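Read off the chains here:
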There are 2 protein chains.
Amino acid sequence: MTDRSRADEDLTARARIREAALRVFAERGVSGATIRGIAEAAGVSAGLVQHYFRSKEALRRACDEYAIDVMTRTKQDALDGGVSTPGFLPMALTVSLPVQRYLARALVDGSSAAAALFDDVVEFTEDMLVEGAPGMSPAKTSDPHAYAAVLAAMAFGVSVLHEHLTRTLGADPLTPAGYPRMTLAMLDILTDDLMSPELLAQTRAAVEQLRSFAPGAATDRDQRIPTSKAAARKTDSDPPA
Amino acid sequence: MTDRSRADEDLTARARIREAALRVFAERGVSGATIRGIAEAAGVSAGLVQHYFRSKEALRRACDEYAIDVMTRTKQDALDGGVSTPGFLPMALTVSLPVQRYLARALVDGSSAAAALFDDVVEFTEDMLVEGAPGMSPAKTSDPHAYAAVLAAMAFGVSVLHEHLTRTLGADPLTPAGYPRMTLAMLDILTDDLMSPELLAQTRAAVEQLRSFAPGAATDRDQRIPTSKAAARKTDSDPPA
DNA sequence: TTGCGCATTGAACGTTTGTATTGCACGCTG
DNA sequence: CAGCGTGCAATACAAACGTTCAATGCGCAA
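Rules used throughout
The residue numbers shown here count from 1 along each chain, following its written sequence. All chains are assigned letters beginning with A, and all ligands numbers beginning with 1, in the order in which they are written. Per-residue local features of the predicted model are confined to residues with pLDDT of at least 70, and side-chain atom pairs are confined, for both listing and counting, to 80 or more; whole-chain, interface and lining totals are unaffected and use all residues. The basis for every side-chain value is the complete set of non-hydrogen atoms in the structure, without hydrogens or water. The helix count covers DSSP runs of H or I at least four residues long, the strand count covers runs of E at least two residues long, and both are numbered beginning at the N terminus. For this analysis, residues touch if any pair of their heavy atoms sits within 4.5 Å. The Shrake-Rupley method, run with a 1.4 Å probe sphere, supplies the accessible areas, and residue values consider only the shown protein chains as cover. Using a 1.4 Å probe, buried area is obtained as the accessible area two parts lose upon being combined, added over both of them. Note on definitions: salt bridges are taken to be side-chain nitrogens of Lys or Arg within 4 Å of carboxyl oxygens of Asp or Glu. Nitrogen and oxygen atoms within 3.5 Å of one another constitute a polar contact, given that in protein one can donate a hydrogen and the other can accept it, and given that sequence-neighbouring residues count only through two side-chain atoms. In the scheme used here, Gly and all other residues not listed as nonpolar or charged are polar, with Ala, Val, Leu, Ile, Met, Phe, Trp, Tyr, Cys and Pro taken as nonpolar and Asp, Glu, Lys and Arg as charged. Summary of the distance rule: residues count as near a molecule or strand when at least one heavy atom falls within 4 Å of that molecule or strand. The copies are overlaid by a least-squares fit using only the C-alpha atoms of residues whose pLDDT is at least 70 in both copies. For every residue, the pLDDT score states the predictor's confidence, bounded by 0 at the bottom and 100 at the top. The classification of residues rests on relative accessible area computed with a 1.4 Å probe and restricted to protein chains. Under 20% of the type maximum is buried, over 50% is exposed, and intermediate values are partly exposed. For cavity detection a 1 Å grid was placed over the protein atoms alone, and a set of points counts as a cavity when a 1.4 Å probe fits there but cannot get out; an open set counts as a pocket when protein lies on both sides within 12 Å along at least five of seven lines, with lining residues being those that have an atom within 4 Å of a point. Grid points are joined across faces, edges and corners, and a volume is the space filled by probe spheres set on the points. Every axis in this analysis is a line fitted to C-alpha atoms, fitted for helices over the stretch in contact. Angles between the N-to-C directions lie between 0 and 180 degrees. Roughly parallel means an angle under 35 degrees; roughly antiparallel means over 145; roughly perpendicular covers 65 to 115; every other angle is labelled oblique. In this scheme the handedness of a crossing depends on how the near helix is turned from the far one: anticlockwise by less than a right angle means left-handed, clockwise means right-handed.

Asker: A description of the overall build of chain A should follow, citing residues and the corresponding values.
Answerer: Secondary structure assignment for chain A yields 11 helices and zero strands. Secondary structure elements of chain A occur, N-terminal to C-terminal, as α-α-α-α-α-α-α-α-α-α-α. Relative to all contacts within chain A whose residues are 6 or more apart in sequence, the contacts with residues 24 or more apart total 58%. With the model as given, the accessible surface of chain A reaches about 11500 Å², and the carbon-plus-sulfur share is 54%.

Asker: So what's going on with the interface of chain B and chain A? Residues and values would help.
Answerer: Facing 112 residues of chain B, the contacting portion of chain A comprises 111 residues. In this assembly, chain B packs against chain A so that about 10300 Å² is buried in total across both faces, 66% of it on carbon and sulfur atoms. Across the salt bridge formed by Asp119(B) and Arg167(A), the nearest N and O atoms sit 2.9 Å from each other. At the surface where chain B touches chain A, the tally comes to 25 residue pairs in polar contact (both at pLDDT 80 or more). It is helix α9 (residues 179-191) of chain B that contributes the most residues to the side of chain B that touches chain A, 13 residues altogether. Among the residues forming the side of chain B that touches chain A, the class breakdown is 61 nonpolar, 26 polar and 25 charged.

Asker: I'd like to hear about the protein's contact with DNA strand D, residue by residue, with values.
Answerer: Looking at DNA strand D, there are 15 residues lining it, with Ser45(A), Tyr52(A), Arg36(B), Gln50(B) and Lys56(B) nearest. The share of sugar and phosphate among atoms of DNA strand D within 4 Å of the protein is 61%. The separation between a phosphate oxygen of DNA strand D and a polar side-chain atom of Gln50(B) is 3.3 Å. In this structure, Lys56(B) approaches DNA strand D through a main-chain N or O atom, which is 2.8 Å from a phosphate oxygen. Contributing elements (two or more residues each) for the surface near DNA strand D: α3 (46-52) of chain A together with α2 (35-42) of chain B. Among the elements that line the surface near DNA strand D, the one with the most residues is α3(A), at three residues. Considered class by class, the residues forming the surface near DNA strand D number seven nonpolar, five polar and three charged.

Asker: Before we move on, can you summarise the relation of the copies chain B and chain A with the specific residues and values?
Answerer: Rotating chain B by 180° and moving it 0.0 Å along the rotation axis overlays it on chain A with an RMSD of 0.0 Å. Classification of the inter-copy transformation places it as that of a two-fold axis. Most of the interface of chain B is mirrored in chain A, where 99% of its interface residues are also at the interface.

Asker: Got a sec to walk through the side chain of Asp172(B)? Specific residues and values, please.
Answerer: You can see Asp172(B) is positioned in the loop between α8 (162-169) and α9. A polar contact is formed between the side chain of Asp172(B) and the backbone nitrogen of Leu174(B), at a distance of 2.8 Å.

Asker: Can you break down the confidence of the model for chain A residue by residue, with the values?
Answerer: Do not read the predicted coordinates in detail wherever pLDDT is low. Residues and elements named next belong to chain A. Across chain A, pLDDT averages 84, with 84% of residues at or above 70. Note on residues 1-7: pLDDT under 50 across the span, and eight contacts to partners over four residues away in sequence or across chains. Contacts from residues 216-241, a stretch scored under 50 in pLDDT, to residues over four places away or in other chains number 33 contacts.

Asker: How would you sum up the pattern of salt bridges? Please name residues and give values.
Answerer: Throughout the structure, instances matching the rule amount to 24 salt bridges over all chains. Of the charged contacts, one joins Asp172(A) and Arg101(A) as a salt bridge, the two residues approaching to 3.9 Å between their closest N and O atoms. Here Asp172(A), found in the loop between α8 (162-169) and α9 (179-191), pairs with Arg101(A), found in helix α5 (residues 88-109); they are 71 residues apart in sequence, far enough to count as distant. Under the relative-accessibility criterion, Asp172(A) is labelled buried at 16%. A salt bridge links Glu57(B) to Arg60(B); the nearest nitrogen and oxygen atoms lie 3.6 Å apart. Taken as a pair, Glu57(B) and Arg60(B) lie in helix α4 (residues 56-79) at a separation of three residues, close to a single helical turn. Residue Glu57(B) is classed as partly exposed on the basis of its relative accessible area of 38%. By sharing partners, the salt bridges in this structure join Arg105(A), Asp109(A), Arg105(B) and Asp109(B) into a single network.

Asker: How would you sum up empty space enclosed by the protein? Please name residues and give values.
Answerer: Under the criterion given, the structure shown has two cavities of 30 Å³ or more. As a volume, the largest cavity reaches approximately 50 Å³. Lining the largest cavity, in full, are Phe25(B), Ala26(B), Val30(B), Arg60(B), Tyr102(B), Arg105(B), Ala106(B) and Asp109(B). Those elements that provide at least two residues to the lining of the largest cavity are α1 (13-28) and α5 (88-109) of chain B. Among the elements that take part in the lining of the largest cavity, α5(B) stands out by supplying four residues, more than any other. Looking at side-chain class alone, the lining of the largest cavity contains five nonpolar, no polar and three charged residues. In this structure, the second largest cavity encloses a volume near 40 Å³. Surrounding the second largest cavity, Phe25(A), Ala26(A), Gly29(A), Val30(A), Arg60(A), Tyr102(A), Arg105(A), Ala106(A) and Asp109(A) form its lining. When contributions to the lining of the second largest cavity are tallied by element, the ones reaching two or more residues are α1 (13-28) and α5 of chain A. Residue contributions to the lining of the second largest cavity peak at four residues, all from α5(A).

Asker: Just give me the short version of the packing of helix α6 (residues 112-131) of chain A against α8(B), but keep the residues and values in it.
Answerer: Contact geometry of α6(A) with α8(B) gives a least axis separation of 11 Å together with a crossing angle of 60°. The angle between α6(A) and α8(B) places the two elements in the oblique class. Crossing handedness for the pair α6(A) and α8(B): right-handed. Contacts from Ala115(A), Phe118(A), Asp119(A) and Val122(A) of α6(A) reach α8(B) at His164(B), Leu165(B), Arg167(B) and Thr168(B). Grouping the constituent residues of the contact of α6(A) with α8(B) by class yields four nonpolar, two polar and two charged.

Asker: Pulling in residues and values, what's your account of the protein's contact with DNA strand C?
Answerer: Of all residues adjacent to DNA strand C, which total 16 residues, the nearest are Arg36(A), Gln50(A), Lys56(A), Ser45(B) and Tyr52(B). Of all DNA strand C atoms lying within 4 Å of any protein atom, the proportion belonging to sugar or phosphate reaches 56%. Between DNA strand C and Ile35(A), the relevant distance is 3.0 Å, taken from a phosphate oxygen to a main-chain nitrogen or oxygen of the residue. Within the side chain of Tyr52(B), an N or O atom sits 2.9 Å from a phosphate oxygen of DNA strand C.

Here is the structure:
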């Protein structure tokens, strides 16, 4: 946990604390992280954390600001044509992946900055879907907004669940070592049609039919379920051990 | 927060506590949840929570067990042909969606049960990809394992980020009211080819090329980034406010 | 009725948390 | 050299936390 890279020693104590907070918040979550833990990770005293960022909440906000700042800058660099510059991608990843790791956790912990980022991505995606974009076929959907939102959630999903992909794939996708394999798989998935037209139509019909049940189903608890639901309910009233 | 449905009053205190813990753990995360908060949500004293489940960790494990139990049972019911029974889907969702909400959070909070569930889904998916399944076209990928893992992460992603989909779509996808719209959008996404073959090939090439940079890039901090990276670095050494 | 066992509560304890405060060393300016 | 602001650490404190424990109420067998 104290394996800060030597490059950190170039930074101000304030920046080192923010960097450490980024890591600890990402790993433990905001409520799981402690000021003392962040201080230890940064190699400073707990008092110094309090001195620079007056409260834990303020430190969190500072991390949020920094994160969206980095993401905005990286996005701008990419749009300015940096993508074509050789070596841009690996370097952009090196600086932005820790931030992505933080934002992934922030999305779950309920940060307003992460929420704003999510909404931005949704809006950006939806614009691309309806207006079209170079290289993009217009999406065949009757609900572009939901399409964009769900696509964004799925894309962020691989970041949020990077820990599990690390375990399964052997390398963290939020790391230059693991990033390519994940991205290639994602391209395969978004390209591939993995359902036959018949199964697709069948599934779609089932979900459509669900719509008529849906509005009442949330409050109507008295419906009978025709399978082993009774057994499941029985578990609920198990006598204490 | 105290809007427990009247159906809860049928349950044992122990079951009511577990149900409340499921909700609170899902909303606040395991480290954000408190024994007293769970007790209040269940309408009992904090001591009683401690009496039935001896520690917070044990309560968490009980929730894990219950969650995978419900998911296993629901999956079994579906495989036993319950899917075709009219009314199965809405009822299955009603009982399993709160559990899904818990598991989504557990995936991020590092529960071993959730990790096992994730791995199960990956294995199940990979088997379907290589062996083929009724209605499923064999996936066109050179890396079925990564394909399955990333697909699983994306599918779970919409659960994990359901809060953001709720904000964007106006209805929680982990609710009978919001579930259909999300699922239909997901079907669109997995069916659609949204990238042109040229852009796809171009992106793939860029990622492939990244592979040669990757192994060293993680430790090599001294590369130069040719864009506004210098400005970003400047933020790092900002003097304290 | 008496006594026993279980469900449930409320207070208490020690620890950890976020935060406030004090004190010290050092580099700069006059 | 004196004085002073600043970077930083150590201590102090109240609140909240997980956990323990004694006490109360209540149904049921003897």
